[in-house]
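Structure assessment
These are the residues of each chain, in order.
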Amino acid sequence: MNIEQNLMSSNLRILSANIKNNILTKRCKFSIAKTVDIKEIVKEHKYESGLHNNSNVNLYTSRTHTCDELRSEDCGKSVILCGWLEYVRLNRFIILRDGYGSTQLITPENASTELNDFIKKIPLESVLMCYGKVKLRPVEEINKNQATGMIEVIVDQLLLLNAVDTKLPFQLRKFNKANESLRLKYRYVDLRYPEMQYNLRLRSKLLMKMREFLINHRAFVEVETPTLFKKTHGGAQEFIVPTHEKGKCYSLVQSPQQLKQMLMVGSIDRYFQVAKCYRDEGAKSDRQPEFTQLDIEMSFTNQDAVMLLIEELLSFVWPSELGKIITPFPRLSYEEAMLTYGSDKPDIGCSAKISNWTKYIPKASKEVFSLVLKNSEDKLSKKQINDLKTLISTNYPDVKFSLLNIRLLKTFKENLQKIFNGIDVEAVLADYNISEHDLVAIASGSKYKALSALGKINEHFKIDYSSDARWRFVWIVDFPLFEMDSNQIQSVHHPFTQPQTEITSDNLLEVKGFHYDLVLNGNEVGGGSIRIHDADLQTKVIESILNIPIETMSHLVEALKSGCPPHGGIALGVDRLLSILCNTNSIRDVIAFPKTFEGKDLLSGAPTEITTEDRKRYHLKIDNVEKT
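Right, let's walk through the structure included here. Residue numbers here run from 1 along each chain, matching the order of that chain's written sequence. Local features are withheld for residues below a pLDDT of 70 in this predicted model, meaning they are given only at 70 or higher, and side-chain atom pairs are given and counted only at 80 or more; totals for whole chains, interfaces and linings count all residues. Only hydrogens and water are set aside; all other atoms, that is, all heavy atoms of the structure, feed into the side-chain values.

A few words on the overall build of the protein. Numbering of helices and strands runs from the N terminus, with a helix taken as a DSSP run of H or I at least four residues long and a strand as a DSSP run of E at least two residues long. Within the protein, the secondary structure is distributed over 17 helices and 23 strands. A simple rule labels every residue: compare its accessible area, found with a 1.4 Å probe on the protein chains alone, to the largest value its type can have, and call it buried under 20%, exposed over 50%, or partly exposed in between. Per-residue burial for the protein yields a buried fraction of 47% across its 628 residues. Contacts are residue-level and defined by heavy atoms, with any inter-residue pair within 4.5 Å sufficient. Across the protein, the fraction of contacts at a sequence separation of at least 24, relative to all contacts at a separation of at least 6, is 66%. Note on areas: these come from Shrake-Rupley sampling with a 1.4 Å probe, and a residue is covered only by the protein chains present in the view. Looking at the protein as shown, the accessible area adds up to about 32,800 Å², and 50% of this sits on carbon and sulfur atoms.

With that settled, consider the side chain of Ser529. Tracing the sequence through the fold places Ser529 in strand E22 (residues 523–530). Among the residues examined, Ser529 registers a relative accessible area of 0% and is labelled buried. We call two N or O atoms a polar contact when they sit within 3.5 Å, provided that within protein one can donate a hydrogen and the other can accept it, with sequence-adjacent residues counted only if both atoms are side-chain atoms. Of the polar contacts made by the side chain of Ser529, one reaches the side chain of Arg531; its length is 2.7 Å. Those residues in contact with Ser529 that lie beyond four places of it in its chain are His494, Thr497, Phe514, His515, Tyr516, Gly568 and Gly569.

Looking now at the sheet that holds strand E9 (residues 240–242). Any two strands between which DSSP finds at least two bridges are classified as paired. Taking strand neighbours across the sheet as the criterion, the three strands line up as E8-E10-E9 in an open arrangement whose pairing is antiparallel. Since the sheet does not close on itself, it has two edges, and those belong to strand E8 (228–229) and E9, each with one partner. Across three bridges, the pairing between E9 and strand E10 (residues 249–252) is antiparallel. Residue pairing in the sheet places Ile240 in a bridge with Ser251 of E10.

Bringing the packing of aromatic side chains into the picture now. Whether two aromatic rings pair depends on their centres lying within 6.5 Å, for rings of Phe, Tyr and Trp, where Trp uses its six-membered ring; planes under 30 degrees apart make the pair stacked, over 60 edge-to-face, and the rest tilted. Scanning all chains against the criterion turns up eleven aromatic pairs. Ring geometry for Phe170 versus Tyr193: centroids 6.5 Å apart, planes at 5 degrees, classification stacked. Of this pair, Phe170 sits in the loop between strand E6 (151–162) and helix H4 (180–185) while Tyr193 sits in the loop between helix H5 (187–190) and helix H6 (194–217), placing them 23 residues apart in sequence. Like Tyr193, Phe170 is buried. Both rings, one in Trp318 and one in Trp471, keep their centres 5.2 Å apart while their planes meet at 75 degrees; by these two values the pair is edge-to-face. In this pair, Trp318 sits in the loop between helix H8 (303–317) and strand E13 (331–333) while Trp471 sits in the loop between helix H13 (447–459) and strand E18 (473–477), placing the two residues 153 residues apart along the sequence. Take Trp318 and Trp471: they sit in the same class, and that class is buried. Cluster of aromatic residues (ring-pair linked, three or more members): Trp318, Phe329, Trp471 and Phe473. We call a charge positioned over a ring when the NZ of a Lys or the CZ of an Arg lies within 6 Å of the ring centre and within 35 degrees of the ring normal. When the ring centre of Phe93 is taken as origin, the NZ or CZ atom of Arg92, which lies over that ring, is 5.7 Å away.

Right, let's get into the side chain of Asn199. Looking at the secondary structure, you find Asn199 in helix H6. Ignoring anything within four residues of it in the chain, the contact list for Asn199 reads Cys582, Thr584, Asp589 and Val590.

Turning next to the packing of H6 against helix H16 (residues 574–581). Here an axis means a line fitted to C-alpha atoms, over the contact stretch when the element is a helix, while the angle between two N-to-C directions is reported on a 0 to 180 degree scale. Where H6 contacts H16, the two axes come as close as 11 Å, and the packing angle between them is 125 degrees. Viewed along their axes, H6 and H16 adopt a mutual orientation that is oblique. Where H6 crosses over H16, the two elements pack in a sense that is right-handed. Residues Leu202, Arg203, Leu206, Leu207 and Met210 of H6 form the contact with H16, whose own contacting residues are Val574, Asp575, Leu577, Leu578 and Leu581. Asp, Glu, Lys and Arg are counted as charged, while Ala, Val, Leu, Ile, Met, Phe, Trp, Tyr, Cys and Pro are counted as nonpolar; the rest, among them Gly, fall into the polar class. Residue classes in the contact of H6 with H16 are distributed as eight nonpolar, no polar and two charged. Each angle gets one of four labels, with under 35 degrees taken as roughly parallel, over 145 as roughly antiparallel, 65 to 115 as roughly perpendicular, and the rest as oblique. We call a crossing left-handed when the near helix sits turned anticlockwise from the far one by less than a right angle, and right-handed when that turn is clockwise.

So, about the pairing of strand E12 (residues 290–299). Extensive coverage of E12 is indicated by the burial of nine of its ten residues. With nine bridges joining them, strand E11 (residues 270–278) and E12 adopt antiparallel strand pairing. Residue pairing in the sheet places Tyr278 in a bridge with Glu290 of E12. Relative to strand E23 (residues 567–573), E12 is paired through seven bridges, and the arrangement is antiparallel. Residue pairing for E23: Ser299 is matched across the bridge by His567.

Time to look at the sheet that holds strand E14 (residues 354–356). Pairing within the open sheet is antiparallel, and its four strands lie in the order E14-E15-E17-E16. Two strands in the sheet have a free side with no partner beyond their single neighbour: E14 and strand E16 (400–405). Averaged over neighbouring strand pairs, the angle between their axes works out to 20 degrees when direction is ignored. Where strand E15 (residues 368–373) and strand E17 (residues 439–444) come together, six bridges link them in antiparallel fashion. Within E17, the position partnered with Val368 by the bridge is Ser444. Strands in contact with H13 are E14, E15, E16 and E17; relative to E15, the strand with the most contacts, it is inclined by about 10 degrees.

Structure representation (structure tokens):
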């Protein structure tokens, strides 16, 4: 049997670097139950018991070190490494990679012909075990970009644990990465990327430290609440789960909101949960149909206390390699955030501030707002400018919007006069130091819609910031409790938020709630509120103001009547927070097995059609015919 046949067979192969001690003929049938007799190999190669280093990561394994552990002080040690074959050079230099890092292996100059032929035939990404000795690299060959770049391992023997016997869909290279859809379809390969390894391991550490802080340092109780619950009105669209009971369904909860409130009634006064949540709505880069929250609720608390808890929690869990965060976080009211940045999730310190130009325009029928972006005239192509204008006109059709590149001040003045007849152009130029090469966005119309339009422009431009402002946290508070949407009163967040003042028929759109959002670098990473704990007030909000049938919330109202303490809480978006910390383009890069933008699972092909038997069991009739 030749080397290639040996390689591609289902048997393991052990090859020695010493031609006199070649044990190519030694074989051990590979299976899950029995791989290779490690004790026999250790004895044969004089590896002593207790060879493992002090790192817990190597306990209960066949290796002595990971591929990221060996350093110059390990020179002379006999080691066992396990990992994936990442790269082969000159048929002698092997890069072995595992989930922790990479190590260079090198075969001796007098290595057996069989070993050299063996290495030549091994497909990349095959799984190997290496027995060898650590030596220092020559000074001129030290790799300063690799943690193990000071050393290499001289191969004594190689064990092929599993050869790749299919064509991999893509090679794991930092450059020229495969497109995301291909990476998601073969996620089990994509997970080997060092970036994915880092992201998922950081996620694990962060969640562990959150639990440590809340349980060990703040005496919280972790309680698991059900994800199969009752469909509720309002909020995001929920996934429906059919049952074998005809006409009756569960709903996958979009958050444990009502359940955690009932825990407060039940005297579990300091609750938290790493909760899986579900929303059946359009996907975005920072959203998934299923996502993870750190959910927290406390009794006998107030808004300031909840915010303090989160600041202390984040300070405790913040990875040291990412610098420090400064607490307390600044606070902005919803009104201030909108007037200043045009957004309720502003990137403070990295966004231009909005100005009110109404005073410069005689007899202005509506307020006029402006955003002056210094030295930004050449930062957008004509296509990008047109795309932004289309975005604004599509989302804010009633807003009068202009985006002006200032190449010549004379032309800018003329354009400004055409847009706003009688505007005091000279005063505008002087007060805002407008000059050539600036970019000016102007919006007028309904106050908050005009401000929001400028906020969209702010999202596309980032002002340079100093290194000490890497993590820009801000609390947004004093949100309106209700808003008008399609001529109907809606909750701005949810119907369980405690109002700051008494609600009357005359102040529905003016009353503010005890709601607070946490924003990091222009992204909402958390939100919570002090809850309504009075059954009569909760009934009024649900039934009389929002016109939601009270029967759908009767379980919550009955709980509030049973002696409910004042309480409040918050939920942190774990995926979104980690995406910011890992500097990824999407939360999909911090989730092991995410869905696509359209909510599909490319790995398994879900969602898929169900069988006729399942349709009968769950009383489903599915119409597959598209209607025109």
